[in-house]
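Single-letter residue listing:
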Amino acid sequence: MRCMNLRKLSVAMGKRNFRKNKGNQKSFGNRNEGRQEYWTEQVRENEKWEKYYKTMNIIGDDEWDTFKKHCQENLPLTFRITGSRAHSKEINENFIENHVSKLQDAEFEGVKLMPKNLQYYPNKLGWQLDVSKAVIRKNEQFAKTQRFLVLETEVGNISRQEAVSMIPPLLMDIKPHHAVFDMCAAPGSKTAQLVEALHAEDEKKAPTGFVLANDSDYKRSHMLVHQVKRLNSPNFMVVNHDAQLFPKIKLNGASEFLKFDRILCDVPCSGDGTMRKNVNVWKDFTVGNALGLHSLQVNILNRGLQLLKKGGRLVYSTCSLSPVENEAVVAAALRKWGAQIKLVNCDDELPGLVRRKGLSTWKVLGKDMEEKEKGAEGIPETAFPPSETEAGEFHLENCIRVYPHLQNTGGFFITVFEKIDPEADKVAAKRGADEDEEESKKQKIDEKTEQKPKKERLPRDANEEPFIFLDPQHPELAKCWPFYGFSDDFARDCTLVRNATGEPLRTIYYVAPVIRDILTITEQKLKIVHGGIKLFVAQRSDTGSCPWRVQNESLHTIKPYLSDARSLKCNLKLLEKLFQEAFPKIEAIKEEGIDPEFSERLDAMSEGCVFLTVEREEGLEDLFLPLWKGRTNVNLMVNKKDTNELLYRVFGIETSAKDAGKEAAYQQKKEATV
């Protein structure tokens, strides 16, 4: 969903104004949520809005009152459960057994508190609660569920996302080998879905494809990193470009430009379908919003279609209900591309989604709220509906319209394009080649005149240093490969540093081979914001033969390539102790006899990072965690949030947000004995 501030359009294409309070990584129980009770309630009425949509006649008279009533109500709280199949299944079953079932008869002011499944989300992993966050935070019946939701959201097992926002990525049919491009990615909830889809078969094999996320807003492109970083994907990159002029990419040695198997074109829009959560839409709605964005939307969609591989799928979406931003844009692309593209009929996809078909006729109103004809001043010709002949060819009925009153959601528009083999129509192919050449010339001109983005204050951990790859035989890497038992199959030429010296001083990163190919393009045109996951971080030099510690975010990636050299197992009883006690003495663990096999194998290992596997009962995923072995003690290297989540999920031990954590408790105890 993209909502555009037209007054800033000339300053930064793609900037959204109605998203300021939305945030990227949602949490349950934000301390600011309760403040709205002191605000003056925004009036949810707008004569222009009502006249416009009644004139469009997209909602029948018999439905209008229901439609409007839903538009005026607050949006339900929705989320989806993320992760691998085994992982998400465990979280979901835990939620159903310990929370959904116990809220079956609970009510608040006549509204049922029991969560319910989103009917169209696969594997019943999407959920909806029909009460506000304030009720969830304060209702005693919901206290345990509230804590569960907070824990799982903090560690990324639950993703807060509007229900309709989940639809576009689901219709992209992403496979692990696909090259995926998100043209207007920030704030990143859909981008996260794309990355998750790319990694959907990780239990069998790591993906060979990648997700390239772009946003035209310099600051938001950096903020985007935080939304997806929790997924720890080496197959993910963030770049910063105007989507209309996105540069062509040619890999070193390639004869053709890189094209994408899947593209998400979730363009900047007026956002009038978000009125249930963005109350400013009611006072700010004008017909001019849609008219002002139409040409930008057409340009971005056309650029996406140029970058799409034959046989590829592009999803165009907006959170607006205006035909000028939706069917008119789609029709303009169909008119331009002819037989090279078609709309996909998705009637059989996402069963359970209640939808309406796209429109083939509509009226165009000017800023004066009067109906206009083609040729009217200030209105793009492409904003008008197709001719009767075009309508028969375009099949705009294959577009998907989602209205708030159909399933208690926001408003949304989605269209799926498929690119046909250009050889199927030689005339269309020639036209497409000519357009590519013309666009290439235009791009060269734009690149020369394009101003560098204004530097804004970035997140604290934003890294703008270069990407410099290391020689696989670098002396520091040569200490790591044998120490951790990396197999020869591991892509050792994919490690890099991000500092001006080009030497591994503090952190060594890793990217998938396909991302390395992009980062090492000789004539690099991409403005790169992010790529890679942390692999090693420098440790004290007196910690044995390898002074580099493996980082948590890379564990999932490197696990298949590790030998048993630094691996050991432990039972659940010892794991519980390690979660609750920082730096327990190795000798004490041995004397307690908690896990003799663990103690024996640990004794045989040198100091440094160790990989701990905890086998669980059938049907539950095994845990793979990092453990640090010191001279006299050990410590489980799992942060406080992950520790609290695993204590609850594995052992049923409840924690409080006020708990300081085991390291803090250890430090207090240490200071008390001094």
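Parameters at a glance
- Residues numbered from 1 in each chain as written.
- Predicted model: local features only at pLDDT ≥ 70, side-chain atom pairs only at ≥ 80, totals over all residues.
- Heavy atoms only, no water.
- Helix = DSSP H or I, 4+ residues; strand = E, 2+ residues; numbered from the N terminus.
- Buried < 20%, exposed > 50% of the residue type's maximum accessible area, 1.4 Å probe, protein only.
- Areas by Shrake-Rupley, 256 points an atom, 1.4 Å probe, with all protein chains shown as cover.
- UniProt positions renumbered as here; feature names shortened; annotations may be inferred.
- Polar contact = N/O pair within 3.5 Å; in protein donor to acceptor, adjacent residues only side chain to side chain.
- Core = buried A, V, L, I, M, F, W, Y, C linked by side-chain atoms within 4.5 Å.
- Contact = heavy atoms within 4.5 Å.
- Expected span 1.5 Å × (residues − 1).

1. Topic: the overall build of the protein chain
Move 1: When its secondary structure is counted, the protein chain shows 22 helices and 25 strands.
Move 2: Residues classed as buried in the protein chain amount to 55% of the 674 residues present.
Move 3: Carbon together with sulfur atoms contributes 48% to the accessible area of the protein chain, which is approximately 31200 Å² in total.

2. Here's the deal with the UniProt feature "binding site: S-adenosyl-L-methionine" (unreviewed entry) in the protein chain
Move 1: In the numbering adopted here, UniProt assigns the feature "binding site: S-adenosyl-L-methionine" (unreviewed entry) to Cys-184, Ala-185, Ala-186, Pro-187, Gly-188, Ser-189, Lys-190, Asp-215, Asp-242 and Asp-266.
Move 2: With respect to the helices and strands, Lys-190 occurs in helix H7 (residues 189–198).

3. Here's the deal with unusual backbone geometry
Move 1: Going from Ala-186 to Pro-187, the amide bond is cis rather than trans, its omega being 10 degrees.
Move 2: Summarising the element assignment, Pro-187 is placed in the loop between strand E7 (179–182) and H7.
Move 3: One non-glycine residue, Asp-173, adopts positive backbone phi at about 55 degrees.
Move 4: In the Ramachandran plot, Asn-408 falls in the positive-phi region, its phi being about 60 degrees despite a non-glycine side chain.
Move 5: Turning to its location among the elements, Asn-408 is positioned in the loop between helix H13 (404–407) and strand E15 (412–419).

4. Details of the side chain of Asn-46
Move 1: Relative to the helices and strands, Asn-46 resides in the segment before helix H1 (47–56).
Move 2: Of the polar contacts made by the side chain of Asn-46, one reaches the backbone nitrogen of Lys-48; its length is 2.9 Å.

5. Regarding the nonpolar core
Move 1: Among the nonpolar cores identified, the biggest contains 108 residues, and Phe-260, Tyr-316, Phe-417, Tyr-484 and Phe-536 are the most heavily contacted of them.
Move 2: The greatest single-element share of this core, amounting to ten residues, is contributed by helix H10 (residues 287–307).
Move 3: Dropping the residues within four chain positions of it, Tyr-316 is found in contact with Cys-265, Val-267, Gln-297, Leu-301, Glu-325, Asn-326, Val-329, Val-330, Phe-413, Ile-414, Thr-415 and Phe-417.
Move 4: Residues Val-100, Leu-103, Ala-106 and Ala-213 belong to the second largest nonpolar core, which totals 58 residues.

6. A short note on helix H21 (residues 640–651)
Move 1: For H21, with twelve residues, the first-to-last C-alpha span of 16 Å sits near the 16 Å given by 1.5 Å per residue.
Move 2: Here H21 has its buried residues at Thr-643, Asn-644, Glu-645, Leu-646, Leu-647, Tyr-648, Arg-649 and Val-650.
Move 3: Next to the buried residues of H21 lie helix H3 (85–100), helix H5 (143–154), helix H18 (572–580) and strand E24 (623–629).
Move 4: Where H21 begins, the capping side chain belongs to Asn-639, and its oxygen is found 3.2 Å from the backbone nitrogen of Lys-641.
Move 5: With its phi angle positive at about 70 degrees, Gly-652 sits one or two positions after the end of H21.

7. Side note on the environment of Leu-612
Move 1: By the element assignment, Leu-612 lies in strand E23 (residues 608–614).
Move 2: Its relative accessible area of 0% is what places Leu-612 among the buried residues.
Move 3: With 24 residues separating them along the chain, Leu-612 and Leu-636 place their C-alpha atoms 8.9 Å apart.
Move 4: Apart from residues lying up to four places away in sequence, Leu-612 is in contact with Leu-568, Lys-569, Cys-570, Leu-578, Phe-598, Leu-623, Phe-624, Leu-625 and Leu-636.

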